[in-house]
Amino acid sequence: MGQQNMLKIIKAKKLIGEINIPGDKSISHRAVMLGAIAEGETVINNFLMGEDCLATINCFKEMGIEIEMSNKGKIIIKGKGIRGVTKPKKILDVSNSGTTIRLISGILAGQEFETTITGDASIQKRPMKRIAEPLFRMGAIIEGSEGIEGVGGRRGTGEIYPPLKIKGGKLRPTEYKMPVASAQVKSCVLLAGLYADGKTTVIEPGPSRDHTERMLMHFGAKIEISGNKISVHGPASLEGGEIDVPGDISSAAFFLVAGLLVPGSDLLLRNVGMNPTRIGIIEVLHRMGAKLEIMDEEIISEEPRANIRVTSSEKRVTGIEIGGELIPKLIDEIPIIAVLATQAEGTTIIKDAKELRVKESDRIKTISTELKKMGAAIEETEDGMIITGPTKLKGATINSYRDHRVAMSMAIAGLIADGETIIEDTECIKTSFPGFEDILNRISG
Ligand code: S3P
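Residues numbered from 1 in each chain as written. Predicted model: local features only at pLDDT ≥ 70, side-chain atom pairs only at ≥ 80, totals over all residues. Heavy atoms only, no water.

A. How the structure looks around the state of the cysteines. Summed over all chains, the structure comprises zero disulfides. No disulfide involves C188; its nearest neighbouring cysteine sulfur is the one of C59, lying 14 Å away. With a relative accessible area of 0%, C188 lands in the buried category. (Disulfide = S-S within 2.5 Å. Buried < 20%, exposed > 50% of the residue type's maximum accessible area, 1.4 Å probe, protein only.)

As structure tokens, this is what we get:
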């Protein structure tokens with residue numbers, strides 16, 4: 001393992017400074033996808049130059065879309081309309097990005113050509129039946145590494161994994177009741193709905209992030225939202241425009257927790273996305289007794305944002321129960337919430353979060369195993385974790401499992417641990433948060 005592949009963390013004295021939170025990953029992906037299939041030019045500001053979002057750009061370049069990038073996070077896309085993408089000459093590669101493969105499949109299902117799409121070793125273990133099933137109902141055939149959705153009696157049984165072969169074509173509208181609250185599945189179906197003749201409806205079991213709906217409106221699509229029912233009318237015509245991406249609250253979360261836990265800290269996080277379907281972490285921090293100052297709230301490109309000041313807590317935070325409809329609103333923040341819970345007074349119970357087992361790693365297992373190495377009292381359950389605090393953490397050598405959120409959460413744990421913490425395999429951090437290490441160095445002096 002090369003030097004750049006590991007992070008060495010020592011206990012921080014205090015964290016002080018201002019941080020411009022990098023662009024939201026979910027919104028950056030969607031901006032490229034909708035920009036590519038819109039008519040005319042789309043300009044994206046504060047785009048996240050993380051590897052996941054660059055993978056989305058590469059996929060559209062492979063399909064004949066012209067995309068210009070500047071190093072300041074400005075992207076210009078020459079959209080060609082919903083049928084303007086062309087058959088890629090190669091297999092599309094999404095690298096580590098689950099959002100890319102699941103969302104783009106909705107667009108590929110509406111094309112007259114066949115595409116093969118895959119990604120790295122982690123992507124090849126991510127379940128895809130969840131998107132193959134609704135796309136099959138709409139008329140596309142999705143073949144995965146362990147079978148073909150809807151063919152040969154396999155419908156309703158068996159999981160499929162990338163590489164996926166997507167045979168698209170004329171799609172029919174559907175009304176799809178989603179078994180899991182997943183924004184990726186919802187977005188995939190809504191994107192396919194842009195190609196179907198009529199109204200496609202998705203029914204969610206509970207609210208999941210709604211960036212696709214907001215951005216579709218921004219691009220002029222006809223969208224109806226009534227409670228947990230979201231409909232889109234096809235065939236749609238989208239109009240390119242300008243999008244200003246807010247900072248990613250999932251990236252801000254690491255510093256919200258770090259600022260609370262490291263004594264004497266005072267951090268100002270700028271331009272944090274505050275979409276109501278994403279701010280579960282803020283609710284949890286408030287309920288645990290943390291004090292945050294939320295300032296300068298505004299809405300740009302349909303997405304709310306604010307500056308947040310966090311100072312270290314004089315009083316210990318307290319353990320709480322987290323479950324139900326709150327889970328999709330903080331699904332990516334659970335690893336860092338687990339770190340915080342090790343320092344809370346009492347027990348924190350995280351439940352209804354089985355989805356964590358099929359992320360970039362099995363996050364219930366990976367975060368529990370690694371926090372235990374540092375001395376935490378943490379018990380894995382089938383759908384979550386039970387964490388009893390407060391415990392004193394000690395430095396250890398940590399496996400990131402090549403999962404960016406595990407790597408960054410454990411780095412924050414290292415800031416409050418006695419001794420030295422080594423996080424192995426930290427290249428993965430670049431998928432969502434390039435510059436994470438530089439920020440840590442700067443604010444810890
Ligand atoms: C995402 C949705 C979530 C989240 C992922 C990004 C999105 O996944 O975990 O990091 O951009 O739509 P699920 O929809 O599978 O829960």
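B. Broad picture of the side chain of R102. Within the secondary structure, R102 is located in helix α3 (residues 98-108). Buried R102, no salt bridge; nearest opposite-charge side chain is E355, N-O distance 6.2 Å. Polar side-chain contacts of R102 include one of 2.8 Å to the backbone oxygen of P127. For R102, the contacting residues outside a window of four places in its chain are R126, P127, M128, R130, I131, Q184 and C188. (Helix = DSSP H or I, 4+ residues; strand = E, 2+ residues; numbered from the N terminus. Lys, Arg positive; Asp, Glu negative; His and termini not counted. Salt bridge = Lys/Arg side-chain N within 4 Å of Asp/Glu carboxyl O. Polar contact = N/O pair within 3.5 Å; in protein donor to acceptor, adjacent residues only side chain to side chain. Contact = heavy atoms within 4.5 Å.)

C. Spatial organisation of α3. Burial within α3 is extensive, with 11 of its 11 residues counted as buried. Those residues of α3 that fall on the buried side of the exposure criterion are G98, T99, T100, I101, R102, L103, I104, S105, G106, I107 and L108.

D. View of the site of the ligand. Near the ligand the following residues occur: S26, R30, T99, R102, S182, A183, Q184, R209, I331, D332 and K359. A distance of 2.7 Å separates an oxygen atom of the ligand from a polar side-chain atom of D332. K359 has a polar side-chain atom sitting 2.7 Å from an oxygen atom of the ligand. Those elements giving two or more residues to the shell around the ligand turn out to be α1 (25-37), α3 and α5 (183-193). Here the shell around the ligand is composed, by residue class, of two nonpolar, four polar and five charged. (Near = heavy atom within 4 Å. Nonpolar A, V, L, I, M, F, W, Y, C, P; charged D, E, K, R; others polar.)

E. Quick look at the pairing of strand β1 (residues 7-10). Across the two faces of β1 the burial differs, with L7 and I9 buried and K8 and I10 not buried at all. Sheet topology places β1 next to strand β24 (residues 420-424); four bridges connect them, and they run antiparallel. Of the residues in β24, the one forming a bridge with L7 is I423. (Pairing = 2+ DSSP bridges.)

F. Region of the structure containing the pattern of salt bridges. In total, this model carries 32 salt bridges according to the counting rule given. Among the ionic pairs, E133 bridges to R137, the shortest N-O distance being 3.7 Å. With E133 and R137 both in helix α4 (residues 129-138), this residue pair falls four residues apart, about one helical turn. Among the residues examined, E133 registers a relative accessible area of 16% and is labelled buried. Under the relative-accessibility criterion, R137 is labelled partly exposed at 32%.

G. Broad picture of helix α7 (residues 249-261). Along its 13 residues, α7 runs 18 Å from first to last C-alpha, staying within 8% of the 18 Å computed at 1.5 Å per residue. Taking the backbone nitrogen of S250 as reference, a side-chain oxygen 2.9 Å away marks D248 as the first, capping residue of α7. (Expected span 1.5 Å × (residues − 1).)

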